[in-house]
Amino acid sequence: MILFISVFIINSVFAQTDTTNHYIDLFDMDLEQLSNIKITTATKTSEKISEAPSIIRVITQKEIREYGYKTVGEALSQVPSFSVINDHLSPNVGVRGINGGMRAWSKIIKVMIDGQPVSFRPSTANFLGRDFIPVNLIERIEVVTGPGSALYGANAFLGVVNIITKKGEDINGGSILAEVDLINNNLGGEASLVVGKKIKNVDFMFGLSDANINSSGLQVPNSSPYYSIFHGEKSKNDISRPKTFYGKLVFDNKQLGTLTLNGNYQCLDSYGEFQDWGVLTGENRYSIYNSFIKTQLDKNFSSNLSGSVFFAYSKGGPNNNDHLDYGSPDYWLKREFGYSGIDAGIEIKHRVNKKVNLTYGIDYTNDNENLQTLWTVDKLTGGRTLSGQEFGDTIFSNLGLYLQTKYNPSSEIGLIAGLRYDNHNIYGNVINYRIGSVFQLPDNRYFKLLYGTSFKAPAAEQLFTSNLIAGGVYGNPNLNPEKAQTVEVLFSVINKKNIAGVVNAFYSIIDDKVEIGQVVGHSAPINATCINSYGIEGELHWKVNKFSGYSNISYQHTEKDKDNLTKEEQRVSLTPELILSNHINYSIPSYHLVFALSHKYIGKCKASEINIIYKGDIYYLDAYNILNFNVSTVNLKFIDKKETIFSAKINNLFDTDYTMPGFRGIDIPSLGRSYCLKIVQMF
Amino acid sequence: MKRKIYFSVVILFLSLFIMGTSCNNNTSPDKEYIKIGLLLPQTGDLGGDDQYMGNAARLAASEINDVGGLLDKEIKLIFKDTGTDSAKAATAATKVISEDHVIAIIGGDASSEALAIAPVAISNNVVQIAVGATSPEYTNLDDNNYCWRTPPSDAFQGKALAKYLKPKYSTAGIIYIDNSYGKGLKNAFKTAFGLDKILIEVAFPENPGTGFSYKLVIDSVLATNPDMVFVIAYYKSGASIINTLITENHTTDNWYGSEALKNNDFLTEAGNSANGLNGVAPLISAGKSANFFRTNFINIYGEQTFDALWGGYTYDAMALLGLAIKKAGEYTPNAIKNALSEISNPPGDTIYAGEWEKAFNILDNGGEINYQGASGDIDFDQNGDVTDTRYEIWEIQNEEFVHVEDIK
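Enquirer: Please provide a residue-by-residue account of helix α12 (residues 333-344) of chain B, values included.
Expert: Residues and elements named next belong to chain B. In a regular helix each residue adds 1.5 Å, so 12 residues correspond to 16 Å; α12 covers 17 Å between its end C-alpha atoms and thus fits that length. Considered for burial, the residues of α12 that qualify are Pro333, Ala335, Ile336, Lys337, Ala339, Leu340, Ile343 and Ser344. Each element contacted by the buried residues of α12 is listed here: β4 (127-130), β5 (147-149), α11 (310-328) and β12 (369-372).

Shown next as structure tokens:
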């Protein structure tokens, strides 16, 4: 009701103009135009994909809308070499054969919104579900696959994901979304509001969404070592209530510059029926909030010199209804922890001459981490008892200095070198660098040769924590950062109006890879192993009349560098070696319809190390195919010449039963066929 | 005439031969047994309990067999290792029921084992008498009277210990094994001692392996500076905790151990590190049954593996099954479970351990008996729990258990 009232108020305040031109333009773009979309994540400067010295993939709002992606996690699963484990609490992204493992929740990539990192700092996890950002606010998602620490510092380890949000001017009004989902015969839904406008020199936008998703009724797969314990039981009360808000205000002033104020609130609030500590308890609730607010001033001092200064404040921790349950009849587990942090920085962009561009900057982060304390809470009386060591508060601070040089000796050649120095008060100094070259070839093709280093910083909970469960994992204060070196080569095979294809290969060496091992007789993360990973990725986009689509393939071979292991034992767990993806859509403008069909093949995948130990034998999860179908309207106008979008989506069209790797005795079941009906009304 | 004599002699020899072979056939190798499962840990944290507990059950069975067995059959105990592991215990129970067709089970030892065996026993209508399980969880099983136990519930141990310690200490820390036994006793103690007086409770895993370090567990507890520490552990993990405590230059002053530590294996593993440690355990009476059990056990198996407490519980479990079968006049599980209370609760003629012939005579003549066991009075309530809830405080002095005081 509040959303509808808001719509009417806002609609009456602002002048009514046609907001659909932007969407139609995107739909009518040919492939060449799409490949020339300007991106900023690769070098913090605006450039075309063909010129950027990175393996970069852009997920446009067109693709999000056509294929009905509800979350950033779902969109990322379409990127070559990105594999996503959905444990029905939060997506866990793996890249090029590497996954962060148990409870990692996408910590091996750096995720940003408009350049601001948004990880949950105590664990460095990135929550990429419906709790992250209202999808309707996304202009595009820029995904850099590979190292990014030479520019972005810690945790730009195997990829960088930057959500570029829409401008208020492009929204020019707003939209209200209502969605109904049917998952495992459970009804759920989502509501969302987006508003944006530009008034004189102030551009503002905001969006919020709230959902209630029920995925109860699933069973522990029979691949699980503990299958016999849970056989016959189904998940119950497996409800997720994600909420999110994002807002941005941009003020342009000729003297002052451009002042941006933006902020994000994420609330992950979900029951976790397949979490390793509380399987099928019906009462295991994981509820976390994460937020930031940022202000940035950008100024052009001259045509060759610009600068920016920013300040951000972030905060996060468990909500009051966070309630971890082991299935004990007597008590549940209460966590107390959280963080508050500030980020500040200055950056200068200097165009030295026509051929040389410099970007340099300094940034500083100071996080006050209230380290995790655990309490057992009596279910009858509510009385609580300390259940482990109290670590108190610790400061995590980092100073980063970076310099990047772009050199274009000609219009056909682009060279880049970047260096970054980070000094952290706990794990010390880390230096990262990259070099790259991009060659423009005839017929709009291009070639890239890249090398870079990156690192994954140890999170507060990896360094200092009590175990969540008896015999579980303690912190290791001596943990070092994981480090990667990656060489990549990319070749644009064809880049024409109606067909564009790229293929790239990579080779990475990852040192000090963190695994759970033994530290003085208890389990803790340790820098255990070196990993070698190599592979090939390819993507082909095409457009024929009213049909368009893309296919991609990724193959990786990732293994531990340990001579005392067999070939099978050397192979790394959790990610499939081969992933194939096919997408096709068909638009009928005269009927205002777009149909989209997507197919994915996920190759067989080695089970997690801990489950292999529990089972006593190496085992794999079967390969599978999955098909999704989406149909939506385009340019349909009923109310005041504003577009109304109807869409219907069927996920897992053939109700394929597949299994994803889990931990500590259980694997993760798939959702069956699910349905979604959505209506979006622009205003 | 001579032909008649020779013919008679031949017939006589033939008759003797036939009778002889007929007599031999009467002692057939396929003699029937009454099979009872004996499920105890040979491995795991309680590994070795199969010796002193298992031998106690074998002793009782052999005493009954020596007086003619039951219903013209001998008792045969089928042993399986439960590994101090609930999954192994459940598997062992399934095997003895499906392959050996036992009519009753003595075991498990750990509460987690007993709780894992219980649903197998219940679903197969087999009587179970647990001999080491003390978790309060065992009381509330929906068992259709198939599940019994000889040790008392920790609901009473926790209360008794708390009542004893409250006047002496203001605050406590708890270290407990993360299974139904540890959690049950911990909760009972906490509730009785006062939730607000428990500064910290830290769990360690069941069967953690030889490399596991208890240092962090101990450090976490001592960091809160409690007045006393209550350790709920089995003998191996308990010994590791105490050894680590001493190695880290702490003392056992104001440390109390649970009843599972009161056995010789703990003394062997902990050595002189355990000196000064106090603890709690059910009180074993020094009556006629206890003396008989002790004398007979040591005579046959030696003093080294004798245990009055846990051995007594297991001896009594076998004795109870034997007397119940005799009372029922049949060895179906249904009849056994209905007879268990009748032979152990008053009224009836008092029967002590070893008085099997006396007991059988009374029962044969339609009388009632009241078995007084080696471990105590053995009166059951409606849940199959014993009602004798007397405990003692013990202390280890010169690597021996010394009785300090009775508590209740």
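Anyway, onward from the coordinates.
Enquirer: Summarise the confidence of the model for chain A; cite the residues concerned and give the values.
Expert: Considering every residue of chain A, the mean pLDDT works out to 92; 95% of them sit at 70 or more. With pLDDT under 50 throughout, residues 1-26 of chain A is counted as low confidence; its partners more than four residues away or in other chains account for 45 contacts.

Enquirer: How would you explain the interface of chain B and chain A if you had to name every residue and give the values?
Expert: Listed as interface residues are 22 residues of chain B and, on the opposing side, 16 residues of chain A. Summing the contributions of chain B and of chain A, the shared interface buries around 1600 Å²; its carbon and sulfur component is 56%. Its largest share of buried area at the contact with chain A, chain B owes to B:Leu195, B:Glu201 and B:Leu216, together 30% of the area lost on that side. Between the two partners, chain B and chain A, sit zero salt bridges. Our count for the chain B to chain A interface comes out at four residue pairs in polar contact (both at pLDDT 80 or more). Of all the secondary-structure elements, those providing two or more residues to the side of chain B that touches chain A are α6 (180-193), β7 (198-204) and α7 (215-223) of chain B. Ranked by residues supplied to the side of chain B that touches chain A, first place goes to β7(B) with seven residues. Here the residues of the side of chain B that touches chain A are counted per class, giving 12 nonpolar, five polar and five charged.

Enquirer: Tell me about the confidence of the model for chain B, and please be specific about residues and values.
Expert: Residues and elements named next belong to chain B. The share of residues in chain B with pLDDT of 70 or more is 92%, and the mean pLDDT across the chain is 90. The secondary structure element of chain B with the lowest average pLDDT is helix α1 (residues 2-26), at 46, and the one with the highest is strand β8 (residues 228-232), at 98. In this model, residues 15-30 is a region of pLDDT below 50 whose contacts with residues beyond four sequence positions or in other chains number zero contacts.

Enquirer: Outline the domain arrangement of chain B, listing residues and values.
Expert: Residues and elements named next belong to chain B. Taken as a whole, chain B is organised into domain 1 (33-153 + 287-372) and domain 2 (155-283 + 390-407). Centre-to-centre, using C-alpha coordinates, domain 1 lies 28 Å away from domain 2. The interface of domain 1 with domain 2 comprises 26 residues on the first partner and 23 residues on the second. Approximately 1800 Å² of surface area, both sides summed, lies buried where domain 1 meets domain 2, with 46% of it carried by carbon and sulfur atoms. At the boundary of domain 1 with domain 2, the tally comes to zero salt bridges. At the boundary of domain 1 with domain 2, the tally comes to 11 residue pairs in polar contact (both at pLDDT 80 or more). Listed by contribution, the elements that provide at least two residues to the side of domain 1 that touches domain 2 are α2 (49-66), α4 (111-123) and α11.

The rules behind these values
Residues numbered from 1 in each chain as written. Chains lettered and ligands numbered in written order. Predicted model: local features only at pLDDT ≥ 70, side-chain atom pairs only at ≥ 80, totals over all residues. Heavy atoms only, no water. Helix = DSSP H or I, 4+ residues; strand = E, 2+ residues; numbered from the N terminus. Expected span 1.5 Å × (residues − 1). Buried < 20%, exposed > 50% of the residue type's maximum accessible area, 1.4 Å probe, protein only. Contact = heavy atoms within 4.5 Å. pLDDT = per-residue confidence, 0-100. Buried area = accessible area lost by both parts, 1.4 Å probe. Salt bridge = Lys/Arg side-chain N within 4 Å of Asp/Glu carboxyl O. Polar contact = N/O pair within 3.5 Å; in protein donor to acceptor, adjacent residues only side chain to side chain. Nonpolar A, V, L, I, M, F, W, Y, C, P; charged D, E, K, R; others polar. Domains from an automatic or database assignment.

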